[in-house]
Structures are given as C-alpha cells and as structure tokens.
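Breakdown of the fold
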Amino acid sequence: MLNVFTLANGRLFQEEIESLGALANVRPVWVDLDAPTPEEKGWIAQHFGVTIPADAVDDDLEESARFYEEDNGELHIRSDFLIDADPNIDQRGPRNVRVAFILFKGVLFSVHAEDLPVFRLLRLRARRIPALIEDAKDVLLKLYDADAEYSADALESIYDSLEAVSARVLKQDVNDQVAGEALSAIARQEDLNGRVRRNVMDTRRAVSFMMRSRLLNAEQFEEARQILRDIDSLDSHSTFIFDKINFLMNATVGFININQNKIIKIFSVASVALLPPTLIASIYGMNFQAMPELNWRYGYAFAIALMVASVTAPFLYFRRKGWLR
C-alpha cells in the first residue's frame, strides 16, 4: 500500500496512491510504503528518483547499514518500532518491526512490512493539531516522539499486569495452578519489557544520529533533546519493572518450592513413623524358638499393639514440634 501525505494549513492530509500518474498531482512531505509491491517501488524510483533497497526491512542488517548517507544526499535510517499486541488477539504477540526511512529532497520515505500503532497515532494527531508538522524532518521527529510515548504506555501496561500478578501471588494461598499461571504472566511481561528496552535504545541511537548529522534546525534540535530526556526516564522505569519482575519470579518459585517441600515432608514423616513398626515386624518375623510370644496366647495382639504404639509415638512428637502443620 502506498500512501502520500501533503501539508495544507499546517495539517497532514493522506491520500492512497493506486497508479503512477496519481503521484504527479501531489507534492508530498511524507510517502509511506506499507508492505509495498515491486510495482509501487518502481513508481517511487521513477517519480522521485529514490531506489528502495531490497533489504530495506531485513532484520539481519549490519550495524553500519542502519544509519548512513548516500553520495546523492539520501539519508538512510533503519529503526525498530514496537507493537504491543495482545497474544489473545494476535498470535504473534508483542514484537519489534523494522522500518526503513529515506530522507531525500525534503521528502520522507518510510518502508515497513505491517501497519504500526505509532504511525496511526501520528496520522491522527497531524490531522487534528494544526502546525504540528512543517517539513519531512518534523515527521521523523514526531514519529520518534510518538514511539517514546507508545513505549511509556507499554511500560505502564506491564506495571498494571504485574500488579495483578502480585495481588494473586502475595495476597492469597498459592497452589501449583496459580503459580504456573503467575509464571506464565511474568514471562510474558518480561519479554515485553525487554522489547521496550530494545525499542527505546534503537530510538535513542536514531535521534542521536539525526542530531550529529546537523540536519536539524534549532527548534528541531531542542525537540530531539527532549525526546532523549524522555527516553532516559523510560530507562529508569524499565529497570524498576525488571527488578519487580525478578522479585515476583523469585517469590513465585519460592512458593512452588514450599508446596513441594510440604509433599516431601509428608513422605519423610511417614517414612520415619513407619520405621519402628517395620523393625518390630521384622523381629517377630524371625520365628525364633526362644521367643516366649510363640507360646503366649496374646503374643500376636501384643505385637500389633506395639507396632501401633510405635507409629503413634512419632506422630505425637512431630505434632508437638509443629512439623505436621
């Protein structure tokens, strides 16, 4: 899908392009290619003189290929953007999506394999807020600004999910089923937190590259610095969430160990309690001629009573010590 965005009265207006001839009637500030076809890439190359690399959104790029400038003035930036998808709705779950940006002759070209929440958020804001965007560099900065806000929202959702897990783990009895569900939820939030940290790290690198490239004016440079400050605050919050995840993980595993120890304690107590009657039964099973119980009328009953007493005595002792609780 090929969408172009033009500026009119300080607002972005979107138009979907379905032919090469339609490009001749617009003067875009932003051209967005969502899972573009080879034909659409050809339109861009023919009309704007920009060749979209075949590996534009590949995940195995070298680090040196993420930020560079061509001899003809094309500025290439590859960035990852977060999608905080609900696993119950989207089986792929949370993920980072690679986006390739090309800034050339005052037009920003963006290439990505699927639609992104950050892009939808910027389109909504740009339509409603006048004078939000003035040129292509503003579009790129606003995307990174929205990406930082989206990451902050993701961290907030992680915290809310961990609060729910904490209420279940720390405020009620934890059986194996509850512990398993808690571990699964904690693992999902840890994965999302790691993706958020990767996302903000990539955004910091991209914004820093733009600042070093001296493409920004004074107002845009200050906005880039504000984005970096926002990202720094997200780092500290992400670290706090990581510590909370570790605490809940250790607490849940501790409760699992306690439940397992209870089971092992039952077998240990039973084993110790059954040792004396086993010994008595072994002695009486020897059938020595010298044992008076062989000729005693109540010898068998006496042996049974002795075995019961030998079992009862350890249980009474364990209960007194509190080991059976």
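Preceding block: the structure.
Residues numbered from 1 in each chain as written. Predicted model: local features only at pLDDT ≥ 70, side-chain atom pairs only at ≥ 80, totals over all residues. Heavy atoms only, no water.

1. Observations regarding the packing of aromatic side chains
Enumeration over the complete set of coordinates arrives at 10 aromatic pairs. Plain terms: the ring middles of Phe48 and Phe109 are 5.1 Å apart, the flat faces sit at 75° to each other, and that makes the pair edge-to-face. Placement of the pair is Phe48 in helix α2 (residues 38–48) and Phe109 in strand β7 (residues 107–112), with a sequence separation of 61 residues. (Phe/Tyr/Trp six-rings, centres within 6.5 Å; stacked < 30°, edge-to-face > 60°. Helix = DSSP H or I, 4+ residues; strand = E, 2+ residues; numbered from the N terminus.)

2. Remarks on helix α5 (residues 176–212)
Here α5 is 37 residues long and its end C-alpha atoms lie 54 Å apart, about the 54 Å a rise of 1.5 Å per residue gives. With its phi angle positive at about 60°, Arg214 sits one or two positions after the end of α5. (Expected span 1.5 Å × (residues − 1).)

3. Focus: the pairing of β7
Residues in a regular strand point their side chains to alternate faces of the sheet. Most of β7 sits out of view: 6 of its 6 residues are buried. Burial along β7 is two-sided: Val107, Phe109 and Val111 facing one way and Leu108, Ser110 and His112 facing the other are all buried. Strand direction decides the pairing type here: strand β6 (residues 95–104) and β7, joined by 6 bridges, are antiparallel. Residue pairing across strands places Ile102 opposite Phe109, the latter belonging to β7. (Buried < 20%, exposed > 50% of the residue type's maximum accessible area, 1.4 Å probe, protein only. Pairing = 2+ DSSP bridges.)

4. Some words on the packing of helix α4 (residues 136–170) against α5
Running from N to C, α4 and α5 cross one another at 160°; their axes reach a closest spacing of 9 Å. By the angle class used here, α4 and α5 are roughly antiparallel. When you trace α4 past α5, the crossing you get is left-handed. Residue classes in the contact of α4 with α5 are distributed as 19 nonpolar, 7 polar and 3 charged. (Axes fitted to C-alpha atoms, helices over the stretch in contact; angles between N-to-C directions. Parallel < 35°, antiparallel > 145°, perpendicular 65-115°, else oblique. Left-handed = near helix turned anticlockwise from the far one by under 90°. Nonpolar A, V, L, I, M, F, W, Y, C, P; charged D, E, K, R; others polar.)

5. So, the sheet that holds β6
Strands belonging to one sheet form pairs held by backbone hydrogen bonds; the direction of such a pair is parallel or antiparallel. Read from one edge to the other, the open sheet built from 7 strands follows the order β2-β1-β3-β7-β6-β5-β4, with strand pairing classed as mixed. Of all the strands in the sheet, the pair left with one neighbour each is β2 (11–17) and β4 (67–69). Direction aside, the axes of adjacent strands within the sheet are offset by 25° on average. Pairing analysis gives 5 bridges linking strand β3 (residues 30–34) to β7, with the strands arranged parallel. Along β7, the bridge assignment pairs Asp34 with His112. Relative to the sheet, α5 contacts β4, β5 (75–83) and β6, its axis offset from that of β5 by approximately 155°. (Contact = heavy atoms within 4.5 Å.)

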